[in-house]
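Single-letter residue listing:
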Amino acid sequence: MSRISNNSFAVNSSLEQKIDIATVSAGGIPISGTANVDVVANSIGLATSANQSTTNSNLSTIASNQASLATESTLSNVSSELATQSTDLNNIASSTSSTNSSVQNIDTSTTSTASNTSSISSTISNLDTKVSSGSDAALSAAQQVLLYARDSGGGLDALQVNGSGELIVTTSGGSSSHNGSQGNLMNAVSASNGTVSNVITTTSSNSVNIFGSTTGTGQIEVEVSADNSTFYTMGYSIFPNGSGLFSQQFPNVISNYWRIKATETATITATLLHN
(Lines give C-alpha, C1' and ligand atoms only; values in the text may rest on other atoms or scores of the structure.)
Protein backbone atom coordinates (compact mmCIF):
# COMPACT_ATOMS: atom_id res chain seq x y z
CA MET A 1 0.00 0.00 0.00
CA SER A 2 1.50 3.24 -1.11
CA ARG A 3 1.44 6.42 0.98
CA ILE A 4 0.42 9.87 -0.32
CA SER A 5 1.92 11.70 2.63
CA ASN A 6 3.99 11.05 5.66
CA ASN A 7 1.29 12.74 7.68
CA SER A 8 -1.96 11.08 8.50
CA PHE A 9 -5.30 12.97 8.08
CA ALA A 10 -8.90 12.43 8.98
CA VAL A 11 -11.43 11.26 6.43
CA ASN A 12 -15.20 10.82 6.48
CA SER A 13 -17.13 7.64 5.75
CA SER A 14 -16.61 8.23 2.05
CA LEU A 15 -12.86 8.52 2.69
CA GLU A 16 -12.99 12.25 1.94
CA GLN A 17 -10.51 14.36 3.82
CA LYS A 18 -11.74 16.48 6.73
CA ILE A 19 -10.06 19.81 7.42
CA ASP A 20 -10.16 21.78 10.64
CA ILE A 21 -11.03 25.31 9.43
CA ALA A 22 -9.94 26.83 12.72
CA THR A 23 -6.32 26.01 11.83
CA VAL A 24 -6.49 27.27 8.26
CA SER A 25 -4.40 30.35 7.58
CA ALA A 26 -5.66 33.54 6.02
CA GLY A 27 -5.05 32.18 2.57
CA GLY A 28 -8.24 30.19 2.75
CA ILE A 29 -9.18 26.81 1.36
CA PRO A 30 -9.21 26.48 -2.39
CA ILE A 31 -12.42 24.77 -3.50
CA SER A 32 -13.16 24.06 -7.10
CA GLY A 33 -15.92 22.41 -9.05
CA THR A 34 -18.81 21.01 -7.13
CA ALA A 35 -16.78 19.77 -4.18
CA ASN A 36 -18.64 19.62 -0.89
CA VAL A 37 -17.07 20.92 2.30
CA ASP A 38 -18.08 19.49 5.68
CA VAL A 39 -17.40 21.91 8.51
CA VAL A 40 -16.38 20.36 11.80
CA ALA A 41 -16.14 21.87 15.26
CA ASN A 42 -16.64 25.59 14.40
CA SER A 43 -19.68 27.06 12.55
CA ILE A 44 -18.80 29.81 10.13
CA GLY A 45 -22.34 30.37 8.94
CA LEU A 46 -22.10 28.59 5.66
CA ALA A 47 -25.29 27.73 3.76
CA THR A 48 -25.76 24.31 5.21
CA SER A 49 -29.01 22.36 4.97
CA ALA A 50 -29.65 22.82 8.69
CA ASN A 51 -29.02 26.54 8.53
CA GLN A 52 -31.26 26.81 5.48
CA SER A 53 -34.08 25.05 7.35
CA THR A 54 -33.62 27.42 10.30
CA THR A 55 -33.64 30.39 7.95
CA ASN A 56 -36.77 29.13 6.24
CA SER A 57 -38.41 28.63 9.62
CA ASN A 58 -37.47 32.17 10.71
CA LEU A 59 -38.72 33.61 7.41
CA SER A 60 -42.00 31.78 7.92
CA THR A 61 -42.26 33.29 11.42
CA ILE A 62 -41.53 36.76 10.02
CA ALA A 63 -44.17 36.29 7.33
CA SER A 64 -46.65 35.12 9.96
CA ASN A 65 -45.84 38.16 12.12
CA GLN A 66 -46.26 40.48 9.14
CA ALA A 67 -49.59 38.87 8.34
CA SER A 68 -50.57 39.26 11.97
CA LEU A 69 -49.53 42.93 11.87
CA ALA A 70 -51.52 43.45 8.67
CA THR A 71 -54.49 41.73 10.29
CA GLU A 72 -54.19 43.92 13.40
CA SER A 73 -54.06 47.04 11.22
CA THR A 74 -57.10 45.85 9.30
CA LEU A 75 -58.92 45.06 12.55
CA SER A 76 -58.04 48.54 13.82
CA ASN A 77 -59.52 50.06 10.68
CA VAL A 78 -62.56 47.83 11.02
CA SER A 79 -62.91 48.87 14.67
CA SER A 80 -62.70 52.55 13.69
CA GLU A 81 -65.26 52.03 10.92
CA LEU A 82 -67.57 50.16 13.31
CA ALA A 83 -67.28 53.05 15.80
CA THR A 84 -68.25 55.50 13.02
CA GLN A 85 -71.14 53.30 11.97
CA SER A 86 -72.22 53.00 15.62
CA THR A 87 -72.31 56.80 15.87
CA ASP A 88 -74.35 56.97 12.66
CA LEU A 89 -76.72 54.33 14.00
CA ASN A 90 -77.11 56.32 17.23
CA ASN A 91 -77.95 59.42 15.18
CA ILE A 92 -80.45 57.41 13.14
CA ALA A 93 -81.97 56.04 16.35
CA SER A 94 -82.28 59.59 17.76
CA SER A 95 -83.91 60.85 14.55
CA THR A 96 -86.23 57.84 14.51
CA SER A 97 -87.24 58.55 18.12
CA SER A 98 -87.97 62.18 17.25
CA THR A 99 -89.97 61.09 14.21
CA ASN A 100 -91.93 58.61 16.33
CA SER A 101 -92.75 61.41 18.80
CA SER A 102 -93.97 63.64 15.96
CA VAL A 103 -96.05 60.79 14.55
CA GLN A 104 -97.58 60.22 17.99
CA ASN A 105 -98.47 63.93 18.20
CA ILE A 106 -100.07 63.72 14.75
CA ASP A 107 -101.95 60.60 15.84
CA THR A 108 -103.23 62.46 18.93
CA SER A 109 -104.31 65.47 16.85
CA THR A 110 -105.95 63.18 14.30
CA THR A 111 -107.81 61.36 17.06
CA SER A 112 -109.00 64.68 18.53
CA THR A 113 -110.09 65.91 15.09
CA ALA A 114 -111.90 62.64 14.42
CA SER A 115 -113.67 62.94 17.78
CA ASN A 116 -114.75 66.53 17.02
CA THR A 117 -115.91 65.52 13.54
CA SER A 118 -117.92 62.69 15.04
CA SER A 119 -119.51 65.10 17.52
CA ILE A 120 -120.38 67.56 14.72
CA SER A 121 -121.82 64.75 12.61
CA SER A 122 -123.92 63.62 15.56
CA THR A 123 -125.24 67.16 16.10
CA ILE A 124 -126.08 67.55 12.40
CA SER A 125 -127.81 64.18 12.47
CA ASN A 126 -129.94 65.36 15.40
CA LEU A 127 -130.83 68.55 13.51
CA ASP A 128 -131.84 66.49 10.50
CA THR A 129 -134.53 64.83 12.58
CA LYS A 130 -135.85 68.17 13.85
CA VAL A 131 -135.85 70.32 10.72
CA SER A 132 -137.90 69.44 7.67
CA SER A 133 -137.63 71.04 4.26
CA GLY A 134 -139.75 71.39 1.19
CA SER A 135 -141.61 73.85 -1.01
CA ASP A 136 -145.05 72.34 -1.45
CA ALA A 137 -148.07 74.64 -1.43
CA ALA A 138 -149.56 73.00 1.65
CA LEU A 139 -146.35 73.73 3.63
CA SER A 140 -146.58 70.24 5.12
CA ALA A 141 -142.85 69.76 4.53
CA ALA A 142 -141.75 73.39 4.42
CA GLN A 143 -138.48 74.56 5.91
CA GLN A 144 -138.90 75.40 9.57
CA VAL A 145 -137.43 78.78 10.49
CA LEU A 146 -137.52 80.70 13.77
CA LEU A 147 -137.88 84.48 13.49
CA TYR A 148 -136.92 86.84 16.27
CA ALA A 149 -137.19 90.60 16.71
CA ARG A 150 -135.08 92.79 19.00
CA ASP A 151 -137.09 94.65 21.64
CA SER A 152 -136.42 98.08 23.13
CA GLY A 153 -134.22 96.53 25.82
CA GLY A 154 -131.99 94.84 23.27
CA GLY A 155 -133.39 91.36 23.88
CA LEU A 156 -134.56 88.95 21.18
CA ASP A 157 -138.25 88.03 21.17
CA ALA A 158 -139.94 85.43 18.98
CA LEU A 159 -142.53 86.81 16.55
CA GLN A 160 -146.08 85.94 17.55
CA VAL A 161 -148.71 84.25 15.41
CA ASN A 162 -152.38 83.62 15.96
CA GLY A 163 -154.13 80.28 16.10
CA SER A 164 -154.13 80.08 12.32
CA GLY A 165 -150.39 80.61 12.14
CA GLU A 166 -150.76 84.17 10.90
CA LEU A 167 -148.24 86.74 12.07
CA ILE A 168 -149.62 89.20 14.60
CA VAL A 169 -148.81 92.75 13.51
CA THR A 170 -149.47 95.88 15.58
CA THR A 171 -149.72 99.06 13.55
CA SER A 172 -147.94 102.23 14.62
CA GLY A 173 -149.71 103.99 17.47
CA GLY A 174 -151.10 100.84 18.98
CA SER A 175 -149.74 98.24 21.34
CA SER A 176 -150.93 95.78 23.89
CA SER A 177 -148.59 97.39 26.40
CA HIS A 178 -148.19 101.08 27.28
CA ASN A 179 -145.82 103.08 29.45
CA GLY A 180 -147.18 105.75 31.80
CA SER A 181 -149.68 106.19 34.61
CA GLN A 182 -152.72 108.31 35.50
CA GLY A 183 -151.89 111.98 36.14
CA ASN A 184 -148.15 111.58 35.48
CA LEU A 185 -147.99 115.04 33.80
CA MET A 186 -150.29 116.97 36.17
CA ASN A 187 -152.58 115.63 38.88
CA ALA A 188 -155.18 118.25 39.85
CA VAL A 189 -152.56 120.97 39.63
CA SER A 190 -153.71 124.56 40.17
CA ALA A 191 -151.92 126.03 37.18
CA SER A 192 -151.54 129.55 35.81
CA ASN A 193 -150.26 130.93 32.55
CA GLY A 194 -146.76 129.42 31.99
CA THR A 195 -147.03 126.59 34.50
CA VAL A 196 -145.22 123.50 33.16
CA SER A 197 -145.89 119.88 33.99
CA ASN A 198 -143.64 116.99 34.98
CA VAL A 199 -141.26 115.72 32.27
CA ILE A 200 -141.95 112.26 30.85
CA THR A 201 -139.05 110.29 29.24
CA THR A 202 -139.99 108.56 25.99
CA THR A 203 -136.57 107.56 24.54
CA SER A 204 -137.77 104.06 23.66
CA SER A 205 -141.11 105.07 22.15
CA ASN A 206 -142.35 106.61 18.94
CA SER A 207 -146.05 106.97 19.76
CA VAL A 208 -147.47 109.34 22.42
CA ASN A 209 -151.02 110.03 23.64
CA ILE A 210 -151.84 112.94 25.97
CA PHE A 211 -155.28 113.21 27.57
CA GLY A 212 -156.97 114.67 30.69
CA SER A 213 -159.25 117.37 31.99
CA THR A 214 -159.13 121.11 32.77
CA THR A 215 -161.38 123.71 34.39
CA GLY A 216 -160.29 126.21 31.79
CA THR A 217 -161.14 126.70 28.15
CA GLY A 218 -157.80 127.78 26.78
CA GLN A 219 -155.21 125.79 24.85
CA ILE A 220 -152.57 123.55 26.42
CA GLU A 221 -149.17 123.71 24.74
CA VAL A 222 -146.95 120.65 24.13
CA GLU A 223 -143.16 120.94 24.48
CA VAL A 224 -140.40 118.43 23.59
CA SER A 225 -136.67 118.16 24.31
CA ALA A 226 -133.68 116.03 23.39
CA ASP A 227 -131.63 116.71 26.55
CA ASN A 228 -134.28 117.45 29.22
CA SER A 229 -132.85 120.94 29.44
CA THR A 230 -133.93 122.95 26.44
CA PHE A 231 -137.60 122.51 25.47
CA TYR A 232 -139.29 123.53 22.25
CA THR A 233 -142.98 124.14 21.53
CA MET A 234 -144.23 121.67 18.97
CA GLY A 235 -146.43 124.26 17.31
CA TYR A 236 -149.35 122.00 18.03
CA SER A 237 -151.69 122.82 20.93
CA ILE A 238 -154.42 120.78 22.61
CA PHE A 239 -157.88 122.30 23.09
CA PRO A 240 -160.46 120.94 25.57
CA ASN A 241 -164.05 120.29 24.53
CA GLY A 242 -167.05 121.92 26.15
CA SER A 243 -166.81 119.57 29.13
CA GLY A 244 -163.15 120.42 29.72
CA LEU A 245 -161.90 117.07 28.46
CA PHE A 246 -159.05 116.71 25.98
CA SER A 247 -157.13 113.98 24.17
CA GLN A 248 -154.48 114.09 21.49
CA GLN A 249 -152.41 111.30 19.90
CA PHE A 250 -148.93 111.89 18.40
CA PRO A 251 -147.97 108.85 16.26
CA ASN A 252 -144.51 108.49 14.73
CA VAL A 253 -143.11 111.47 16.58
CA ILE A 254 -139.60 110.98 17.93
CA SER A 255 -138.51 112.86 21.03
CA ASN A 256 -136.71 111.95 24.25
CA TYR A 257 -138.65 114.15 26.69
CA TRP A 258 -142.24 115.54 26.74
CA ARG A 259 -144.14 118.04 28.91
CA ILE A 260 -147.19 120.38 28.71
CA LYS A 261 -147.58 124.06 29.63
CA ALA A 262 -150.73 125.87 30.80
CA THR A 263 -151.75 129.15 29.13
CA GLU A 264 -154.41 130.18 31.70
CA THR A 265 -155.42 129.75 35.31
CA ALA A 266 -157.07 126.37 35.71
CA THR A 267 -156.99 123.10 37.56
CA ILE A 268 -155.48 120.51 35.25
CA THR A 269 -155.09 116.75 35.38
CA ALA A 270 -153.10 115.33 32.46
CA THR A 271 -151.71 111.87 31.56
CA LEU A 272 -149.11 110.82 28.96
CA LEU A 273 -148.95 107.22 27.73
CA HIS A 274 -146.34 106.05 25.21
CA ASN A 275 -145.06 102.98 23.41
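Residues numbered from 1 in each chain as written. Predicted model: local features only at pLDDT ≥ 70, side-chain atom pairs only at ≥ 80, totals over all residues. Heavy atoms only, no water.

Participant: Kindly report on the overall build of the protein chain, identifying the contributing residues and their values.
Facilitator: A tally of helices and strands in the protein chain yields 1 helix and 10 strands. In the protein chain, the succession of helices and strands from N to C terminus is α-β-β-β-β-β-β-β-β-β-β. When the accessible surface of the protein chain is split by element, carbon and sulfur atoms take 50% of a total near 19700 Å². (Helix = DSSP H or I, 4+ residues; strand = E, 2+ residues; numbered from the N terminus. Areas by Shrake-Rupley, 256 points an atom, 1.4 Å probe, with all protein chains shown as cover.)

Participant: I'd love a proper account of the confidence of the model for the protein chain, names of residues and values included.
Facilitator: Summary statistics for the protein chain give a mean pLDDT of 76 and a share of 65% for residues scoring 70 or more. The model gives residues 40-45 a pLDDT under 50, and that stretch makes 5 contacts with residues more than four places away or in other chains. (pLDDT = per-residue confidence, 0-100. Contact = heavy atoms within 4.5 Å.)

Participant: Give a description of unusual backbone geometry that names residues and reports values.
Facilitator: The residue A188 is not glycine, and still its phi comes out positive at about 55°. Structurally, A188 can be placed in strand β3 (residues 186-191). Note on A188: relative accessible area 47%, which makes it partly exposed. Unusually for a residue other than glycine, N252 sits at a positive phi of about 55°. Counting through the fold element by element, N252 comes out in the loop between β8 (245-251) and β9 (257-262). (Buried < 20%, exposed > 50% of the residue type's maximum accessible area, 1.4 Å probe, protein only.)

Participant: Tell me about the nonpolar core, residues and numbers included.
Facilitator: L185, I210, W258, I260, I268 and L272 are the most contacted members of the largest nonpolar core, which totals 19 residues. Sorting the residues of this core by element identifies β3, β5 (207-214), β6 (220-225), β8, β9 and β10 (266-274) as the ones contributing at least two each. Top element by residues in this core is β10. It accounts for 4 residues. Excluding residues that lie within four positions of it along the chain, L272 makes contacts with N179, G180, S181, N184, L185, I200, T202, V208, N209, I210 and W258. (Core = buried A, V, L, I, M, F, W, Y, C linked by side-chain atoms within 4.5 Å.)

Participant: Account for the sheet that holds β3, with residues named and values stated.
Facilitator: Pairing in this open sheet of 4 strands is antiparallel, and the strands run β3-β10-β5-β8 from one edge to the other. Every interior strand has two partners, whereas the edge strands, β3 and β8, have only one. Averaged over neighbouring strand pairs, the angle between their axes works out to 20° when direction is ignored. For β3 and β10, the ladder comprises 4 bridges, and the chain directions are antiparallel. Within the sheet, the bridge partner assigned to S190 lies in β10 and is T267. (Pairing = 2+ DSSP bridges. Axes fitted to C-alpha atoms, helices over the stretch in contact; angles between N-to-C directions.)

Participant: Please provide a residue-by-residue account of the packing of aromatic side chains, values included.
Facilitator: Scanning the model with the defined rule gives 2 aromatic pairs in all. Three or more aromatic residues joined by ring pairs form one cluster here, namely Y236, F250 and W258. (Phe/Tyr/Trp six-rings, centres within 6.5 Å; stacked < 30°, edge-to-face > 60°.)

Participant: Please give an account of the pairing of β5 that cites residues and values.
Facilitator: Judged from the 7 bridges that link them, β5 and β8 form a sheet pairing that is antiparallel. Looking at the pairing, S213 lines up with L245 of β8. Bridging between β5 and β10 involves 7 bridges; their strand directions are antiparallel. Looking across to β10, one finds that T214 is bridged to I268.

Participant: Residue-level account of the side chain of T271, with values.
Facilitator: Counting through the fold element by element, T271 comes out in strand β10. Relative accessible area serves as the criterion here: at 2%, T271 is assigned to the buried category. Within polar-contact distance, the side chain of T271 engages the side chain of Q182 at 3.4 Å. Other than its neighbours up to four places away in sequence, T271 contacts S181, Q182, G183, N184, L185, N209, I210 and F211. (Polar contact = N/O pair within 3.5 Å; in protein donor to acceptor, adjacent residues only side chain to side chain.)

Participant: I'd like a rundown of the sheet that holds strand β7 (residues 231-238), residues and numbers included.
Facilitator: Pairing is antiparallel in the open sheet, where 4 strands are placed in the order β4-β9-β6-β7. Each edge of the open sheet is held by one strand with a lone partner, namely β4 (200-201) and β7. When β6 meets β7, the two strands line up antiparallel, connected through 5 bridges. Bridge pairing links S225 to F231 in β7.

Participant: Outline the pattern of salt bridges, listing residues and values.
Facilitator: Where charged atoms from two side chains of opposite charge come close, those side chains can pair. Tallying each qualifying case throughout the model produces 3 salt bridges. Between E223 and K261 there is a salt bridge; the shortest N-O distance is 3.3 Å. One end of the pair, E223, is in strand β6; the other, K261, is in strand β9, and 38 residues separate them in sequence. For E223, a relative accessible area of 5% corresponds to the buried category. Exposure remark for K261: the relative accessible area of 23% places this residue in the partly exposed category. One network of salt bridges, in which partners are shared, links E221, E223, R259 and K261. (Salt bridge = Lys/Arg side-chain N within 4 Å of Asp/Glu carboxyl O.)

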